[in-house]
Structures are given as C-alpha cells and as structure tokens.
Amino acid sequence: MKGRNPTFFDLFAGAGGLGKGFTDAGFVPLLAVEIREPSLRTYVRNVRPRLALCEDIRRLDPEKIARRIGRPDVLVGCPPCQPFSKLSRRLRREGRADPREDLPLVFAEWAARLRPRVVFFENVPGIREHPVYERMRRRLSRTHRIVFEEVVDLGAYGAAVRRPRLILIAVSRDLPEDAAFAPPPPFGHRTVGEVLSRYAAFPPGSPEAPPNHLCLRVTPLTRERIRRVPRDGGDRFVLPEDLLVPCHRGPEGRRTFRDVLSRLRASEPAPYLTTGWHDVYRGRYIHPWEDRPLTAREAAALMSFPDDFVFEGPFSSWTYQIGEAFPPEPARRFAEAVRRCFFGKGQRARRGQIPQRGRGAQMSMQKSKRRAKKPAGSRRTGASRQARSHSA
C-alpha cells in the first residue's frame, strides 16, 4: 500500500519511551507487550497501540497475534537488563542465575517467526559478556542480517543524562545485500540546568505544576544533610561527623559509594539515572540548587520525556518506569534513521491490517483498561498521597 506508514511491535515495552520515539517518527504501534501493569497503562495512555498485553511474553504466540492485528514491519525490544549486570554475573557464578536471562532468545524467536523487515534491539553493554547474547545473534542471523551493532551514549541524541547502551539493528535477508544503516549523528547532551530550570516556578505537588511533579518526602535528618551539601555538584564529604550516615564514616566509608548524597551539576548532564533516581541515598540525585530530591517529572525530563507524557500508577512504579526507559528523543532520532534507510522512497511497508490511532488500545485486562483513564499525578490521586507519605 503506497504511502502507508510502517508498523511495529514493541516487546518488553515498559512505559513507552522507545514506543513514543518510533510513533513520533511516523511508525504505527500495533502491539505492546509488558508484564507490569502500571507501565502498560502508561504506554496505553501515551502511545496508544492497537493491542496491549500484560503478559509474560513466553506465553504468547506471535503468529496468532499477527493474524489478529497484522504483521509488523519492525520488531523492537529492550529485554530487562538486570540479568546482565555485574551483580548478576556474580550470582550466576554462584549458581543463582536470573530467570529472565533467556528473554533475548525469546525476542529472537519472535523475529524468526514474524519475519519483520527490521529488528531493533537494545540493552546494557554488559550483555555482550553473557553467553545468551551470542546465541541470540546466531538465531537472528538465520532470518536477518545484522547491519548495526554498537554501544552508543543515548544521551548524546537529545537527553540530559549519560546512558551508554548497546544497539543492534538487523534487516530481513530478503532485502538487497547493500541495504545498510546510517546512524543519526550525535549532537551533544542537554544539561541538567537547561532542563530543570523550567520547573523552578513550580513547587513539587503545587496545583499549577505539570503531572507527576512529586518527590519523595524525606526525614528532618535527611533534609539537614541535603541542606549542608554545597549547591551545584557538592557531595557528602563536607558533612560533619555527626551528620554522616554510619556506613560513610571512617576511611572505608569515604572509598565506597562516593556519589550517594551528592548534588547534580547544572552545567553537565546527569552522570546516570537508574530506578533509584528518587532516593538521595542511591546516587547523585539531589537537586542542583533546591534542598530536595528530584521529582518524577524532573527525572523524566532529564530522560527527554515531554511534560504531557503522564505516568500512570503509584509513585513507587514511576521509579522503574522512568529509570528503565529508553529516552524517547534519542528513540525518535534512531527511528527516523531506520525509516529513512529501510522505508524510504520505493520501499513499501508490509501490507496488513492498520489500526486507527486516537481511541486508545485494546487491553487484555478490563481492570487496566478502566484505570488507564485516570490522570496519574493529579493532586487527588493515590500516587500523590503515597509520594507525600514516603520517608527516607
């Protein structure tokens, strides 16, 4: 069908950072599969796929789904990265392997059965040291040809955070041998100050603040520690002995976890952003000039999420929805490059059933479908009450 926008399936979809990037680049979201309900509700609210399934991907039949909604032109997926961390490597040596470490193979199996034109895979660089990665590559290579496989700092494509990730792109063997991927050129990180300055007029939780502009409530002791840390990049090493956390005292305490209880620097991107972004004891997560932790909206903005991207569910779920996300602006730039290289002039998208976006997704759980209509982050939600009741 000439002129039709290409479609995609999003596996391990999370809150929708990668899905939003592909959608903003003109791709049509057919399917989102995500095992955690709050994340899927966020995805449905903001990306609006044709079908959203809150399921363990191992239980699903990709061909049955394709018969229902059409086959995708692109298969994208970011399997959970925890099995490929340094901690998981140590646990695996001790015989305690993470049960999710086979998920890249499940992703490759979906690619083999659906035969999309393009496969887009993302994970932490450490996955290359795990044997499952080479097995996934071999499985992919039976039906697709790998045309791009590099570690890139996603933050350099429009986010205010350093985020090195492995990107693998493969194309169908039905495409000409000279089909190649030209990655988008990086243009530099945004800075923390550039991003956070637009929220200076909005106290966390205030009526005029954008959605999800809430932070963890801290104890008086933590508040005093934060107040003593110098503005704009200061750290805990200036604290007097009586304010130090017990495990930070002495020579050993000064050598370990040096970034915790430290402020972000306004003139630089955030050095990292994990699921602990809300907790000043889990990294360099103190606001650069205000005496408090980051809000969810600020953390999301550092990752390039726009203010109208609303996170559903309780505050506790926003931590992983944001911390595990593929930043949407870098996702858009890579998606545009995919479209330019493999769906350009004269390259037709796959024929199939195309959804009309705008009325929300079909969801596999009626409870989730009802909840998706609630405005998470408003002053009257349970998420707001929970955020205010947290203490650290």
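Keep in mind the model is a prediction, meaning the values are calculated, not measured.

A.B. asks: Explain the overall build of the protein here, please?
C.D. replies: Assigned secondary structure in the protein consists of 14 helices and eight strands. Considering the protein as a whole, with its 392 residues, one finds that 56% of them fall into the buried category. Of all intrachain contacts in the protein linking residues separated by at least 6 positions in sequence, the fraction that spans at least 24 positions is 71%. For the protein, the exposed area adds up to about 17,200 Å²; of that, 49% sits on carbon and sulfur atoms.

A.B. asks: Which parts of the structure should I look at to understand the pattern of salt bridges?
C.D. replies: Pairs can form between side chains of opposite charge whenever their charged atoms are close. If you walk through the whole model with that rule in mind, you get 27 salt bridges. Its salt-bridge partner being Arg-36, residue Glu-34 comes within 3.7 Å of it at the nearest N-O pair. Here Arg-137 ties to Glu-149 by a salt bridge, and the two come within 2.7 Å at their closest N and O atoms. With Arg-137 in helix H6 (residues 131-141) and Glu-149 in strand E6 (residues 144-153), this residue pair connects regions lying 12 residues apart in the sequence. The exposure class of Glu-149 is partly exposed, given its relative accessible area of 32%. Taken together, the shared-partner salt bridges connect Glu-329, Arg-332, Arg-333 and Glu-336 into one network.

A.B. asks: Just to check I follow, could you spell out the packing of aromatic side chains for this structure?
C.D. replies: Each pair of aromatic rings is reported with the distance of its centres and the angle of its planes. Tallying each qualifying case throughout the model produces 19 aromatic pairs. Relative to Phe-120, the ring of Phe-22 has its centre 5.5 Å away and its plane inclined at 80°; by these criteria the two rings are edge-to-face. Pair noted here: Phe-22 is in helix H1 (residues 17-24) and Phe-120 is in strand E5 (residues 118-123), with a separation of 98 residues, a long-range link. Across the pair, exposure class does not vary: Phe-22 and Phe-120 are buried alike.

A.B. asks: Help me understand the environment of Gly-276 in this model?
C.D. replies: With respect to the helices, strands and loops of the structure, Gly-276 is situated in the loop between helix H9 (250-255) and helix H10 (296-302). Look past the residues within four positions of Gly-276 in its chain and what remains in contact with it is Arg-282 and Tyr-285.

A.B. asks: Could you clarify how one ought to interpret unusual backbone geometry in this entry?
C.D. replies: Trans peptide bonds make up most of the peptide bonds, and negative phi angles are found at most residues other than glycine. Unlike most non-glycine residues, Arg-48 shows phi in positive territory, near 60°. Positionally, Arg-48 belongs in the loop between helix H2 (37-46) and strand E3 (51-53). For Arg-48, a relative accessible area of 28% translates into the label partly exposed. The phi dihedral of Asn-212 is positive, around 65°, even though this residue is not glycine. Of note, Asn-212 is situated in the loop between helix H7 (192-196) and helix H8 (220-228). A relative accessible area of 0% places Asn-212 in the buried class.

A.B. asks: It is not clear to me how the confidence of the model for the protein should be interpreted in this structure. Could you clarify?
C.D. replies: The predicted coordinates of low-pLDDT regions are not to be read in fine detail. The share of residues in the protein with pLDDT of 70 or more is 84%, and the mean pLDDT across the chain is 88. Across residues 351-360, where pLDDT falls below 50, the model places 22 contacts with residues more than four positions away in sequence or in other chains. Taken as a whole, residues 366-392 scores under 50 in pLDDT and shows 62 contacts with residues more than four places along the chain or in a different chain.

Calculation notes
- Residues numbered from 1 in each chain as written.
- Predicted model: local features only at pLDDT ≥ 70, side-chain atom pairs only at ≥ 80, totals over all residues.
- Heavy atoms only, no water.
- Helix = DSSP H or I, 4+ residues; strand = E, 2+ residues; numbered from the N terminus.
- Buried < 20%, exposed > 50% of the residue type's maximum accessible area, 1.4 Å probe, protein only.
- Contact = heavy atoms within 4.5 Å.
- Areas by Shrake-Rupley, 256 points an atom, 1.4 Å probe, with all protein chains shown as cover.
- Salt bridge = Lys/Arg side-chain N within 4 Å of Asp/Glu carboxyl O.
- Phe/Tyr/Trp six-rings, centres within 6.5 Å; stacked < 30°, edge-to-face > 60°.
- pLDDT = per-residue confidence, 0-100.

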